[in-house]
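# Coordinates in review
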Amino acid sequence: MPSYTVTVATGNQWFAGTDDYVYLSLEGTAGCSERHLLDKPFYNDFERGAVDSYDVTVEEDLGEIQLIKIEKRKYWYQDDWYLKYITVKTPMGDYLEFPCYRWITDEKEVVLRDGRAKLPRDDKTQILKQHRRKELETRQKMYRWKEWHPGFPLSIDAHSHSDLPRDIQFDNEKGIDFILNYSKAMENLYINRFMHMFQSSWSDFADFERIFVRISNTISEYVMQHWKEDFMFGYQFLNGCNPVLIRRCTEIPKKLPVTMDMVECSLERNLTLEQEVKAGNIFIVDYELLDGVDANKTDPCTIQYLAAPICLLYKNLENKIVPIAIQLGQKPGPDNPIFLPSDATYDWLLAKIWVRSSDFHIHQTVTHLLRTHLVSEVFSIAMFRQLPAVHPLFKLLVPHMRFTIAINTKAREQLICECGLFDKANATGGGGHVQMVQKAMKDLTYNSLCFPEEIKAKGMDSKEDIPYYYYRDDGIKVWEAIKSFAEDVIHIYYESDEVVCEDVELQAFVKDIYVYGMRGVKASGFPKTIRTREKLAEYLTVVIFTTSAQHAAVNFGQYDWCSWIPNAPPTMRRPPPTEKGTVTIEQIVESLPDRGRSCWHLGAVWALSQFQDNELFLGMYPDEHFVEKPVKEAMEKFRKNLDEIVNAIAERNKNKKLPYYYLSPDRIPNSVAV
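This is a predicted model, so every value here is computed, not measured.

### Some thoughts on the pairing of strand 2 (residues 21-28)
For strand 2, the tally of buried residues reaches seven of eight residues, placing the bulk of the element in the interior. Where strand 2 and strand 6 (residues 65-73) come together, eight bridges link them in antiparallel fashion. Within strand 6, the position partnered with Tyr21 by the bridge is Arg73. Of the pairings in the sheet, the one linking strand 2 to strand 4 (residues 36-39) comprises three bridges and is antiparallel in character. When the sheet's bridge partners are listed, Leu24 is paired in strand 4 with His36. Looking at chain direction, strand 2 and strand 3 (residues 31-32) are connected through two bridges and run antiparallel. Among the inter-strand pairings, Gly28 is bridged to a residue of strand 3, identified as Gly31. Once strand 2 ends, the chain turns through two residues before running back antiparallel as strand 3.

As structure tokens, this is what we get:
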């Protein structure tokens, strides 16, 4: 009688093993096997990290094996099991791989297909078509869209982390408990003694060092030492943790009535301001989105303030970007002066602090939350709803969706919810952050997520004109590496544009993102369909780049750039100055966050800047969803390209006082998971 050798691999996660009854049956083109008992309680099979083999004898040859059915029956108590994969050696000596990489919970039957990626058109038999359809029907019941706030991209329908499907939950929920992590961070930073000291001001700038110097970090220490300098202020627009706002100024806006007399002493080329604009030497950052946003009112003992400044910058003869004019409100007038480097020292310093505070708010809520976390969740939900596990694009994308829905759900549960942690220290807490996302949705376009296009649209694409924009330089390299990898995979499975058009599951995935993620807004520019391999490669690059590189660029530098509180105040406790010549050092310190808010802020930026335990970085694919040799060769090529980028960045950073490494692929996690 024919005999099949079945090998079963259990995951390495905590509690991945099982003591339940486990049954297996094989289904082939010529028939089905009986149900075989592989394990029963106390046999010590299927332990964490184990690889167990069994001989399955059948009455007659089953033909080509198409499906494997796994059943787990409870012995005593709920005992989830993480199944990595099953391999089958046929009587002819052939090996078939059946990837799973899922938790098997309750007493359900799990049906697996072999690991070869298949488009819908490739399935010829009814049994395979039915399996494909049933998987998506089941997933669409589990992964439901829900509106968290009006105008937001839709998110997962789950009130808490524990409500999520087991497959997308964190292995250890305590590891992503924001309250626990923030408290632990403050304890590790030796600042927990200050955390309840709300309304208690620091005495001076040096006093902030009491919560700072415990951690030795090159960039954060450099920021502490140089934060007052115009060079450091301008540099952050290029290579800080929010390097996405600066754009070349093609015309001085009427709402910023700056004159040549005001800035003449800052210009170095003997040109007028208008000539400097035409020469491409003037840049602008406009925080208009903050205009009209309500400041945090959750603490009646502390009035908090927001501003919507406009900052004009200049590229000097050393090719450094420096500020030359700051207006703290959107409407010009006598009570909204334009602050200049030639003003009194504290006037100019406070104006820059207000810009840094406004930049922090835009970074946290728009650049970080909306444009990486919420957008990545849209991609994740659409993938689970519309792409079955056998689809090549599911196999390509699933590593880049790891824990994204889980971290966002936890954030809605503890961090950005009403009375959440975000309200404790941030002037945009208490609902302001919701208003900001709603306003920012109009600028969330498909083209703005295409990294090279966005850089070009802002007039920031010339290396000759702007030589020290490392975010741009490294981002372009990583974008091109991802795009090349996507193209390689696409050409393996899509032999023509016609095949792209015919892929109904791909089209459903794209439509889900447009209709639910972008709320069907035509102006977003998100495609409703994809017709060519070239467009598909770009689209997949947007997805992978956003979930990996873009998030890394704006997340993991938060401690570096925001831990020195005066450089990134999460709130301001006095209104913006309305006249010049009155600012004192005491007024600045009273404007900055109190001791309690400073500590919550520091704990937050520390916790958010840490990688996950067992982090998987770009190009690392330990779960072998793909089994075909051509794809594995494409992955190897991808890793080689990434290694070259890592080496180039390391070489450039040698001996730099301010190294830029946030887009080095060995520091880019595969997915949004923190």
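### Topic: helix 16 (residues 504-517)
Spanning 14 residues, helix 16 covers 19 Å between terminal C-alpha atoms, matching the ideal 20 Å at 1.5 Å per step. Among all positions in helix 16, only Glu505, Leu506, Gln507, Phe509, Val510, Asp512, Ile513, Tyr514 and Gly517 are buried. Where the residues of helix 16 are buried, they touch helix 1 (126-142), strand 10 (145-146), helix 7 (345-386), helix 8 (392-397), helix 15 (497-502) and helix 17 (533-555). Between the side-chain oxygen of the N-cap and the backbone nitrogen of Glu505 there are 3.2 Å, and the N-cap of helix 16 in question is Asp503. At the exit of helix 16 stands Arg519, carrying a positive phi of roughly 60 degrees.

### Re the pattern of salt bridges
If you walk through the whole model with that rule in mind, you get 38 salt bridges. The partner of Asp230 in a salt bridge is Lys352, and the shortest N-O contact between them spans 2.7 Å. Of this pair, Asp230 sits in helix 4 (residues 230-239) while Lys352 is found in helix 7, placing the two residues 122 residues apart along the sequence. On the accessibility criterion, Asp230 (23% relative accessible area) is partly exposed. Shared partners join several salt bridges into a network, and the residues in it are Arg113, Asp123, Arg132 and Glu505.

### Considering the packing of helix 7 against helix 16
Contact geometry for helix 7 and helix 16: axes closest at 9 Å, N-to-C directions at 140 degrees. The orientation of helix 7 with respect to helix 16, classified from their angle, is oblique. As helix 7 packs across helix 16, the resulting crossing turns out to be right-handed. In this structure, helix 7 uses Val378, Phe379, Ala382, Met383, Arg385 and Gln386 to contact helix 16, whose residues at the interface are Glu505, Ala508, Phe509, Asp512, Ile513 and Gly517. Of the residues that constitute the contact of helix 7 with helix 16, the class distribution is seven nonpolar, two polar and three charged.

### As for the UniProt feature "site: Essential for stabilizing binding to COTL1" (unreviewed entry) in the protein chain
Mapped onto this numbering, the UniProt entry gives "site: Essential for stabilizing binding to COTL1" (unreviewed entry) at Trp103. Take Trp103: it is sitting in strand 8 (residues 95-104). The exposure class of Trp103 is buried, given its relative accessible area of 7%. Those residues in contact with Trp103 that sit more than four places away from it in its chain are Gln13, Trp14, Phe15, Ala16, Asp80, Trp81, Tyr82, Arg166, Asp167 and Asp171.

### Considering the packing of aromatic side chains
Counted under the stated rule, the structure contains 26 aromatic pairs. An angle of 75 degrees between the planes, with centres 5.5 Å apart, marks the rings of Tyr446 and Phe526 as edge-to-face. Of the two residues, Tyr446 is situated in helix 12 (residues 446-449) and Phe526 in the loop between helix 16 and helix 17; the sequence distance between them amounts to 80 residues. Considered together, Tyr446 and Phe526 belong to a single accessibility category, that of buried residues. Here Trp479 and Phe545 contribute two aromatic rings whose centre-to-centre distance is 5.5 Å and whose plane-to-plane angle is 70 degrees, an arrangement assigned as edge-to-face. Residue Trp479 is located in helix 14 (residues 470-493), and its partner Phe545 is located in helix 17; the two are separated by 66 residues in the primary sequence. Across the pair, exposure class does not vary: Trp479 and Phe545 are buried alike. Three or more aromatic residues joined by ring pairs make a cluster, and in this case those are Phe451, Tyr469, Tyr471, Trp479 and Phe545.

### Focus: a negative patch on the surface
On the surface, Glu34, Glu59, Glu60 and Asp61 cluster together to form a negatively charged patch. Looking at Glu34, the relative accessible area reads 61%, which means it is exposed.

### What to know about the nonpolar core
Counting residues in each nonpolar core, the largest one holds 159 residues, and the members touching the most others are Ile246, Tyr494, Phe509 and Trp561. Sorting elements by how many residues they give to this core places helix 7 first, with 20 residues. For Trp561, the contacting residues outside a window of four places in its chain are Ile219, Val223, Met232, Tyr235, Gln236, Asn239, Gly240, Cys241, Asn567, Ala568, Leu658 and Tyr662. Judged by nonpolar contacts, the second largest core, of 25 residues, contains Leu24, Leu38, Val58 and Leu112.

### Considering the pairing of strand 8
Buried residues dominate strand 8, accounting for seven of its 10 residues. Note: strand 7 (residues 81-89) against strand 8, eight bridges, orientation antiparallel. When the sheet's bridge partners are listed, Trp81 is paired in strand 8 with Ile104. Between strand 7 and strand 8, which follow one another and run antiparallel, lie five residues, and Gly93 among them has a positive phi close to 90 degrees.

### Let's talk about the sheet that holds strand 8
Taken together, the four strands give an open sheet; going across it, the order is 5-1-7-8, and neighbouring strands pair in antiparallel fashion. Every interior strand has two partners, whereas the edge strands, strand 5 (51-57) and strand 8, have only one. Strand after strand, the sheet turns through a mean of 20 degrees between neighbouring axes, direction not considered. Here six bridges tie strand 1 (residues 3-10) to strand 7, and the two strands are oriented antiparallel to one another. Note on strand 7: the bridge partner recorded for Thr5 is Lys89.

### Examining a nonpolar patch on the surface
Where nonpolar side chains cluster on the molecular surface, the patch consists of Tyr75, Trp76 and Tyr77 and spans about 420 Å² of accessible area. Mapped onto the elements of the fold, Trp76 is located in the loop between strand 6 and strand 7. Trp76 gets classed as exposed once you look at its relative accessible area, which sits at 67%.

### A look at the sheet that holds strand 12 (residues 247-248)
One open sheet accounts for five strands, arranged 12-13-14-15-16; its pairing is antiparallel. Unpaired on one side and paired on the other, strand 12 and strand 16 (338-339) mark the two borders of the sheet. With six bridges joining them, strand 14 (residues 310-315) and strand 15 (residues 321-327) adopt antiparallel strand pairing. Opposite Lys315, over in strand 15, you have Ile321 as the bridge partner. Packed on one face of the sheet, helix 7 meets strand 15 and strand 16 and runs near 95 degrees to strand 15.

### Regarding the packing of helix 7 against helix 17
For the pair helix 7 and helix 17, the least separation of the axes is 10 Å and the interaxial angle reads 150 degrees. Between helix 7 and helix 17, the interaxial angle falls into the category roughly antiparallel. Considering how the two elements wind past one another, helix 7 and helix 17 form a crossing that is left-handed. Contacts between helix 7 and helix 17 involve His363, Thr367, His368, Arg371, Thr372, His373, Val375, Ser376 and Phe379 on the former and, on the latter, Val542, Val543, Thr546, Thr547, Gln550, His551, Val554 and Asn555. Each residue belonging to the contact of helix 7 with helix 17 can be placed in one class, and the counts come to five nonpolar, 11 polar and one charged.

The rules behind these values
Residues numbered from 1 in each chain as written. Predicted model: local features only at pLDDT ≥ 70, side-chain atom pairs only at ≥ 80, totals over all residues. Heavy atoms only, no water. Buried < 20%, exposed > 50% of the residue type's maximum accessible area, 1.4 Å probe, protein only. Helix = DSSP H or I, 4+ residues; strand = E, 2+ residues; numbered from the N terminus. Pairing = 2+ DSSP bridges. Expected span 1.5 Å × (residues − 1). Contact = heavy atoms within 4.5 Å. Polar contact = N/O pair within 3.5 Å; in protein donor to acceptor, adjacent residues only side chain to side chain. Salt bridge = Lys/Arg side-chain N within 4 Å of Asp/Glu carboxyl O. Axes fitted to C-alpha atoms, helices over the stretch in contact; angles between N-to-C directions. Parallel < 35°, antiparallel > 145°, perpendicular 65-115°, else oblique. Left-handed = near helix turned anticlockwise from the far one by under 90°. Nonpolar A, V, L, I, M, F, W, Y, C, P; charged D, E, K, R; others polar. UniProt positions renumbered as here; feature names shortened; annotations may be inferred. Phe/Tyr/Trp six-rings, centres within 6.5 Å; stacked < 30°, edge-to-face > 60°. Patch = residues over 30% accessible without salt bridge, like charges linked within 9 Å, V, L, I, M, F, W, Y side chains within 5 Å. Areas by Shrake-Rupley, 256 points an atom, 1.4 Å probe, with all protein chains shown as cover. Lys, Arg positive; Asp, Glu negative; His and termini not counted. Charge placed at Lys NZ, Arg CZ, Asp CG, Glu CD. Core = buried A, V, L, I, M, F, W, Y, C linked by side-chain atoms within 4.5 Å.

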